[in-house]
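Structural overview
Read off the chains here:
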Amino acid sequence: MSEPALAPRNAFTGMIVVWGTALLAAVAIGIFVVEPWRMPALLVAFGGIVLLAFAMQLGYGRTHGFIVRVSASIMGALLLMGVISVGFGLAAIGTAG
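Described in the following lines is the structure provided in the data block. (Residues numbered from 1 in each chain as written. Predicted model: local features only at pLDDT ≥ 70, side-chain atom pairs only at ≥ 80, totals over all residues. Heavy atoms only, no water.)

**Quick word on the environment of Ala-41**
Residue placement: Ala-41 occurs in helix 2 (residues 38–60). Owing to a relative accessible area of 21%, Ala-41 belongs among the partly exposed residues under this scheme. Sequence-wise, Ala-41 and Gly-30 are 11 residues apart; in three dimensions their C-alpha atoms are separated by 9.3 Å. (Helix = DSSP H or I, 4+ residues; strand = E, 2+ residues; numbered from the N terminus. Buried < 20%, exposed > 50% of the residue type's maximum accessible area, 1.4 Å probe, protein only.)

**Let's talk about a nonpolar patch on the surface**
A contiguous nonpolar patch, built from Leu-23, Val-27, Ile-31 and Phe-32 and spanning about 400 Å² of accessible area, is present on the exposed surface. Among the secondary structure elements, Leu-23 is positioned in helix 1 (residues 11–32). Residue classification places Leu-23 among the partly exposed positions, given a relative accessible area of 36%. (Patch = residues over 30% accessible without salt bridge, like charges linked within 9 Å, V, L, I, M, F, W, Y side chains within 5 Å. Areas by Shrake-Rupley, 256 points an atom, 1.4 Å probe, with all protein chains shown as cover. Salt bridge = Lys/Arg side-chain N within 4 Å of Asp/Glu carboxyl O.)

**Examining helix 1**
For helix 1, which comprises 22 residues, the first-to-last C-alpha distance of 32 Å matches the rise-based estimate of 32 Å (1.5 Å per residue) to within 8%. Turning to helix 1, its buried residues are Ala-11, Gly-14, Met-15, Val-18, Ala-22, Ala-26, Ile-29 and Gly-30. Down the axis of helix 1, the buried side of the element spans an arc of 130°, and every buried residue falls inside it. Among the exposed residues of helix 1, those oriented more than 90 degrees off its buried face are Leu-24, Ile-31 and Phe-32. Where the residues of helix 1 are buried, they touch helix 2 and helix 3 (66–96). (Expected span 1.5 Å × (residues − 1). Arc of directions from axis to C-beta. Contact = heavy atoms within 4.5 Å.)

**Overview of the packing of helix 2 against helix 3**
Helix 3 packs onto helix 2 with a crossing angle of 155° between their chain directions and a minimal axis gap of 9 Å. Put simply, helix 2 runs roughly antiparallel to helix 3. Seen along the crossing, helix 2 lies across helix 3 with a hand that is right-handed. Where helix 2 abuts helix 3, its residues Arg-38, Leu-42, Ala-45, Phe-46, Ile-49, Val-50, Ala-53, Phe-54, Gln-57, Leu-58 and Tyr-60 lie against Phe-66, Arg-69, Val-70, Ser-73, Ile-74, Ala-77, Leu-78, Met-81, Ser-85 and Phe-88. Taken together, the residues of the contact of helix 2 with helix 3 break down into 16 nonpolar, 3 polar and 2 charged. (Axes fitted to C-alpha atoms, helices over the stretch in contact; angles between N-to-C directions. Parallel < 35°, antiparallel > 145°, perpendicular 65-115°, else oblique. Left-handed = near helix turned anticlockwise from the far one by under 90°. Nonpolar A, V, L, I, M, F, W, Y, C, P; charged D, E, K, R; others polar.)

**Re the nonpolar core**
Ranked by internal contacts, the top residues of the largest apolar core, which has 14 residues, are Val-18, Ala-22, Ala-26, Leu-42, Ile-49, Ala-77 and Met-81. Only helix 1, helix 2 and helix 3 provide two or more residues apiece to this core. No other element matches helix 3, which puts 6 residues into this core. Sequence-distant contacts of Met-81, that is, excluding residues within four places in its chain, are made with Ala-22, Ala-26, Leu-42, Ala-45, Phe-46 and Ile-49. (Core = buried A, V, L, I, M, F, W, Y, C linked by side-chain atoms within 4.5 Å.)

**A word on the environment of Val-83**
With respect to the helices, strands and loops of the structure, Val-83 is situated in helix 3. Residues Val-83 and Ala-26, 57 residues apart in the sequence, show an inter-C-alpha distance of 9.5 Å.

**Let's talk about the side chain of Gln-57**
Residue position: Gln-57 is located in helix 2. Relative accessible area serves as the criterion here: at 1%, Gln-57 is assigned to the buried category. Ignoring any residue separated from it by four or fewer positions in sequence, one finds Gln-57 in contact with Ala-11, Gly-14, Met-15, Phe-66, Arg-69, Val-70 and Ser-73.

As far as function goes, none of this settles anything; it's purely spatial.
Structural data, given as structure tokens:
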């Protein structure tokens, strides 16, 4: 008898984890980091997000669609962090005057 194949893990879960981490990192940086250091902190956090995206998709264990999954994770995180940083930038402009 052959053993039944295990159902593959959901690759979308890895993307959600990466996007959630990006959201939390961007909000935490916007709240806790002083304004002159926000952009370097966001860049360092995005570097960590890229590494997390690779790790999550490598942990998925399938080669089919790897590039698409990693790029979707990274692009989603980049857009999310960008929108949040624009919001904090507009808030800084509003409070400067």
